[in-house]
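Per-entry structural report
Spelled out, the chains give:
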Amino acid sequence: MGRGGSRATGAAAPPWHALPDEVWEHAFSFLPTAADRGAAAGACSSWLRAERRSRHHLAVANCYAAAPRDAIERFPAVRAAEVKGKPHFADFGLVPPAWGGAAAPWIAAAADGWPLLEELSFKRMVVTDECLEMIAASFRNFQVLRLVSCDGFSTAGLAAIAAGCRQLRELDLQENEIEDCSIHWLSLFPESFTSLVTLNFSCLDGEVNITVLERLVTRCRNLKTLKLNNAIPLDKLASLLQKAPQLVELGTGKFSADYHPDLFAKLEVAFGGCKSLRKLSGAWDAVPDYLPAFYCVCDGLTSLNLSYATVRGPELIKFISRCKNLQQLWVMDLIEDLGLAVVASSCSKLQELRVFPSDHFGLGVLTERGLVDVSASCPMLESVLYFCRRMTNEALITIAKNRPNFTCFRLCILEPHTPDYITQHPLDAGFSAIVESCKGLRRLSISGLLTDLVFRSIGAHADRLEMLSIAFAGNSDLGLNYILSGCKSLKKLEIRDCPFGDKPLLANAAKLETMRSLWMSSCLLTLGACRQLARKMPHLSVEIMNDPGWSCPLDSLPDESPVEKLYVYRTIAGPRSDTPSYVQIV
Amino acid sequence: MGEAAESKKSRGHHSWMREPGDHHQHQDEEEKTLELSLGLPGGGGGGGGGWRAACRDKGKLSVAAATATDSSLLSPGYSTLVSHSSQGKAKGSPGAAHLPATGNALASNNNSSQTRSPSTPVIGWPPVRSFRRNLATSSKTSLELQNGKKAPKAEEIKRAPFIKINMDGIPIGRKIDLNAFDSYEKLSLAVDRLFRGLLAAQQAPLAAEAKVCPQEVAISGLLDGTGKYTLVYEDYEGDRVLVGDVPWGMFVSSVKRLRVLKTSDLSSSVSTSFHLPSYMLNLLLSPPYSEIVDFLSSMQLIASGRKRTAAEC
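Rules of the game
Residues numbered from 1 in each chain as written. Chains lettered and ligands numbered in written order. Predicted model: local features only at pLDDT ≥ 70, side-chain atom pairs only at ≥ 80, totals over all residues. Heavy atoms only, no water. Helix = DSSP H or I, 4+ residues; strand = E, 2+ residues; numbered from the N terminus. Buried < 20%, exposed > 50% of the residue type's maximum accessible area, 1.4 Å probe, protein only. Contact = heavy atoms within 4.5 Å. Areas by Shrake-Rupley, 256 points an atom, 1.4 Å probe, with all protein chains shown as cover. Pairing = 2+ DSSP bridges. Lys, Arg positive; Asp, Glu negative; His and termini not counted. Salt bridge = Lys/Arg side-chain N within 4 Å of Asp/Glu carboxyl O. Expected span 1.5 Å × (residues − 1). Arc of directions from axis to C-beta. Axes fitted to C-alpha atoms, helices over the stretch in contact; angles between N-to-C directions. Parallel < 35°, antiparallel > 145°, perpendicular 65-115°, else oblique. Nonpolar A, V, L, I, M, F, W, Y, C, P; charged D, E, K, R; others polar. Phe/Tyr/Trp six-rings, centres within 6.5 Å; stacked < 30°, edge-to-face > 60°. Lys NZ or Arg CZ within 6 Å of the ring centre and 35° of its normal. Core = buried A, V, L, I, M, F, W, Y, C linked by side-chain atoms within 4.5 Å. pLDDT = per-residue confidence, 0-100. Right-handed = clockwise from strand over helix to strand, strands pointing away. Disulfide = S-S within 2.5 Å.

1. Description of the overall build of chain A
What chain A contains, in helices and strands, is 21 helices and 23 strands. Classification of the 586 residues of chain A by burial places 59% in the buried group. Looking at chain A alone, contacts between residues at least 24 apart form 72% of all its contacts between residues at least 6 apart. In the structure as shown, chain A presents an accessible area of about 22,500 Å², 54% of it carried by carbon and sulfur atoms.

2. Thoughts on the pairing of strand S3 (residues 229–235) of chain B
Residues and elements named next belong to chain B. Across the 7 residues of S3, 7 count as buried, placing the element largely inside the fold. Residues of S3 alternate between two faces, with Tyr229, Leu231, Tyr233 and Asp235 on one and Thr230, Val232 and Glu234 on the opposite face, all of them buried. Relative to strand S5 (residues 255–262), S3 runs antiparallel, the two being bridged by 7 bridges. Looking at the pairing, threonine 230 lines up with leucine 261 of S5. Bridging between S3 and strand S4 (residues 240–242) involves 3 bridges; their strand directions are antiparallel. Across the sheet, tyrosine 233 pairs through a bridge with valine 241, a residue of S4.

3. Considerations on the side chain of A:Glu494
All names here are of chain A. Here glutamate 494 is to be found in strand S19 (residues 492–496). In this structure, glutamate 494 is buried with no salt-bridge partner, the nearest side chain bearing the opposite charge being arginine 443 at 5.0 Å. For glutamate 494, the residues in contact, after removing those within four places along its chain, are His88, Phe89, Met467, Leu468, Ser469, Ile470 and Trp519.

4. Regarding helix H9 (residues 234–243) of chain A
All buried positions along H9(A) are accounted for by A:Leu234, A:Leu237, A:Ala238, A:Ser239, A:Leu240 and A:Leu241. Summarising the contacts, the buried residues of H9(A) are in contact with helix H8 (210–219), strand S10 (249–255) and helix H10 (261–272) of chain A.

5. What about the pattern of salt bridges?
One side chain can pair with another of opposite charge once the charged atoms of both are near each other. Enumeration according to the criterion identifies 26 salt bridges over all chains in this entry. Put simply, A:Arg369 and A:Asp373 hold a salt bridge, and the shortest N to O gap is 3.3 Å. Pair noted here: A:Arg369 and A:Asp373 are both in helix H14 (residues 368–377), with a separation of 4 residues, about one helical turn. Note that A:Arg496 is salt-bridged to A:Asp497, the shortest N-O span being 2.7 Å. The two residues A:Arg496 and A:Asp497 agree in class, both being buried. Through salt bridges with shared partners, a single network forms among A:Asp91, A:Arg124, A:Glu175 and B:Arg129.

6. Here we look at the environment of A:Ser303
Residues and elements named next belong to chain A. Mapped onto the elements of the fold, serine 303 is located in strand S12 (residues 303–305). Residue serine 303 is classed as buried on the basis of its relative accessible area, which comes to 8%. In this structure the C-alpha to C-alpha distance between serine 303 and leucine 277, which are 26 residues apart in sequence, comes to 9.8 Å. The residues touching serine 303, leaving out its near neighbours within four places in the chain, are Arg278, Lys279, Leu280, Leu326 and Gln328.

7. Some details on H10(A)
Since one α-helical turn is 3.6 residues long, residues separated by three or four positions face the same way. Residue and element names in this part refer to chain A. Look at H10: 16 Å from first C-alpha to last across 12 residues, which is about the 16 Å you get at 1.5 Å a residue. Here H10 has its buried residues at Leu263, Phe264, Leu267, Ala270 and Phe271. Buried residues of H10, seen end-on, are gathered within an arc of 130 degrees and therefore sit on one face of the element. Across H10 from its buried face, at more than 90 degrees, point the exposed residues Pro261, Asp262 and Val269. Residues of H10 that are buried make contact with H9, S10 and helix H11 (295–298).

8. Let's talk about the environment of A:Glu315
Residue and element names in this part refer to chain A. Structurally, glutamate 315 is set in helix H12 (residues 313–321). With a relative accessible area of 24%, glutamate 315 lands in the partly exposed category. Between the C-alpha atoms of glutamate 315 and proline 292, which are 23 residues apart in sequence, the distance is 8.5 Å. Apart from the residues lying within four places of it in its own chain, the contact partners of glutamate 315 are Pro288 and Leu291.

9. Topic: the packing of helix H17 (residues 452–461) of chain A against helix H18 (residues 477–485) of chain A
Packed helix pairs are characterised by how far apart their axes lie and by the angle those axes make with each other. All names here are of chain A. One can describe the packing of H17 onto H18 by two numbers: an axis separation of 8 Å at closest approach and a directional angle of 10 degrees. Taken together, the axis directions place H17 and H18 in an arrangement best described as roughly parallel. Contacts from Asp452, Phe455, Arg456, Ile458 and Gly459 in H17 reach Leu478, Gly479, Tyr482 and Ile483 in H18. Across the contact of H17 with H18, the residue classes break down as 5 nonpolar, 2 polar and 2 charged.

10. With respect to the packing of aromatic side chains
Residue and element names in this part refer to chain A. One pass over the full model with this rule turns up 28 aromatic pairs over all chains. Among the aromatic residues, those joined into a ring-pair cluster are Tyr64, Phe89, Phe92, Trp99, Trp519, Tyr567 and Tyr569. Arginine 576 extends its terminal NZ or CZ atom over the ring of tyrosine 64, reaching a point 4.5 Å from the ring centre. In this structure, arginine 576 is placed above the aromatic ring of tryptophan 99, and the distance from its NZ or CZ to the ring centre is 4.3 Å.

11. What about the nonpolar core?
A:Phe122, A:Leu199, A:Ile320, A:Phe409, A:Ile458 and A:Leu493 are the most contacted members of the largest nonpolar core, which has 191 residues in total. Setting aside chain neighbours within four positions, we find A:Ile458 in contact with A:Val435, A:Leu444, A:Ile446, A:Leu465, A:Leu468, A:Ile483 and A:Cys487. Counting 28 residues, the second largest nonpolar core, distinct from the first, contains B:Leu199, B:Leu231, B:Val255 and B:Val260.

12. Some points on the sheet that holds S3(B)
Two modes of strand pairing occur in sheets, parallel and antiparallel, and in both the strands are linked by backbone hydrogen bonds. All names here are of chain B. Here we have 5 strands laid out as an open sheet, ordered S2-S1-S5-S3-S4, and mixed in their pairing. Edge positions in the open sheet fall to strand S2 (170–177) and S4, since each of these has one partner strand only. Strand-to-strand twist of the sheet, defined as the mean angle between neighbouring strand axes without regard to direction, takes the value 30 degrees. Here 5 bridges tie strand S1 (residues 162–167) to S2, and the two strands are oriented antiparallel to one another. In the sheet register, methionine 167 faces S2, and the bridge partner there is isoleucine 170.

13. Points about the confidence of the model for chain A
Across chain A, the average pLDDT comes to 91, with 95% of residues at 70 or higher. Here residues 1–6 of chain A scores under 50 on pLDDT; set against residues more than four positions off or in separate chains, the count is 0 contacts.

14. Points about the pairing of S19(A)
Residue and element names in this part refer to chain A. Of all 5 residues making up S19, 5 are buried, and the element is well covered by its neighbours. Burial along S19 is two-sided: Lys492, Glu494 and Arg496 and Leu493 and Ile495, pointing in opposite directions, are all buried. Direction of pairing for strand S18 (residues 467–471) relative to S19: parallel, over a ladder of 5 bridges. Its bridge partner lying in S19, serine 469 is registered against glutamate 494. Note on the crossover from S18 through H18 to S19: the handedness is right-handed. Looking at chain direction, S19 and strand S20 (residues 517–526) are connected through 5 bridges and run parallel.

15. What about the state of the cysteines?
Across all of its chains, the model carries 0 disulfides over all chains by this definition. Here A:Cys323 stays unpaired: no disulfide links it, and the sulfur of A:Cys298, its closest cysteine neighbor, is 3.7 Å away.

See below:
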């Protein structure tokens, strides 16, 4: 930066604050995050103007925080937009259907104001076939469609995308509920269409025309990611791989068949040809005999997602132990402590581990031991999601000491209120150790038997915590008060089945405006408090959910009425108009 | 379309973790208990969700609550036993004394929090996406399809083709391909075929020398303890277990080797599903325990033990 510039008189260059917008726009393109850009935009009006006009990527974390039209007006040059809808707990069935989160208003506004839009990503929203048709018809440069945990559309909508988006590079469908209309949507990609780089239809239930798929894969020479669904049999997988040996990411779909040496050999050859394969996933149904066919790719794998795979036992462990460069591992608890011990000793580059629960009524041998081992031996481990049946404070303290670099720690002990199984104490000490040691912790989920003490620790120490999930924990209002009066960086707070009432909510009302959203269900809230909160904080939308079969106008109910589900979020758009009958905005 | 998606999800919830046969029955029982429990003292501590709202609403019985669109309430989905001790935790709150949805009203019928039986479901717990549950359901169903039924080819669980099988009293073992059978009956017949001749030759060496055909006796009763021999297996953990307890598919994937033991030798070397020391077996011989024992042995759970003790007396 020119030190003498501003002091120089009669200098040839204009003073820095009079530089043309294009210069600032170029400067802002180097800012790494949207938060940085937002901060820059707040400096002065010329920076605001320059920044917003050059913003190409917009992430709307809550689709109701602003109206689509506002977003379009403020950021007219957006080329990639990402919008999220329902609250996170909708993933677990806590939000009844028809709650909202429709993508249509966003697509309609974008069609109007962002004709050059190239990328759209929706998460937990309702996307209809009409939406997909509108996308295909409105954006001539459309390249990337990503739908995560959405519902409302069918293969007819996919057909519209295939037929209409001539420049499509990515079609990424993750865990959506897609209705099967038996339309051969894959066939609607024209023969001249060769631009596909990512194709993920793993969540699709129905059949897919294999021949059409093979032709598509053959002509799309740039295909890097291919994730198949369960309908693709193993022998077809082998031939697909042979047509696309350049794949970097592969989802195998259903991986089970009778053992035939010829098929094994074919798979082995096919995988042998995939020198660039780095990420592997699929629903593997316990076919240990085929696992050795993968051995040739193990060394190169950086990501392995076996969280839908019921494969277990020594074959699984042998397979994983060969994946020495693994950075991301998702498995089911069928891996057991023994398997995790092997992971600990083999996968020294591991950064993220997720262990999902399988059969509850089985006597799985996954305990705290597995997590302790991995956290002790994997120095780069920073993100954990772990479902298990038992835990001790000592284990958590050890984990905290070994891995102060956690950024995401989510522990789910399957039975609520489970104490330390050795001492029978609450797990306060353990989780306190985690938040005290892991200074960079951004996301935390706690479980087990917990008192208000753990919240005191979290509130005091978790300065960088952005998202906190609490269930079946705490003794009193104090718990919630600790959180809301501490946790400087808190953005999302979701609570279920805790004895938290009105007082801490009202006492910390201002905090809620610094957060993105708050979810509280099955707590001890009353309608009166919610009304007060809404009156006090006009920029918050306070939504109450009753059970869907019973809708009674809120006005008639007294203040003492209990509130079953509360969802509060900050918004500049005012109360939304698409609430179903069981949602009421106070 | 949203509705279709939801009901598909709930179907997944219904069959998650359940034997295909009994989930309907259980669901009906759950519905009945739900209706009965609505007015239980101790507050309407329900499983969360709309269920609790209906409870607290001054007894207004909303049928809609019992058939909550949040369908995982009725379908057990993931069920966890919620411990009773948590019910005391709630602090005073205005209005109806409602507790955090920990102790379910149903839990009072099922206070054995140590058993793993599927009861007291808690909605949306553990926090796993429904998508993940549905997929796991389909693989569990494929496991269950193995049990004596013709499973679609793509879903059969395959393991190493041949495993060793040895018989008491016969020095030479055989190898058997489990993939050739789809039920315990067929396995039993095959074992009979494999060893019948060998057994006869073993027991009548003189007959062989005299060039007379040894008398072959069918080896029967391998599975129910009624025969002279009983079929056991060793699993990957090294335990010896009676053949026949688990669904066929599960057996095929966990068996390491087979053994045909003399039924009279069983007590010392076999672990059954229930471990019963002999003093307990003697206790069980007297009524009313003997009725229970008869019932259990008819389910092939303690057959051999009972017979042995009877012989001792």
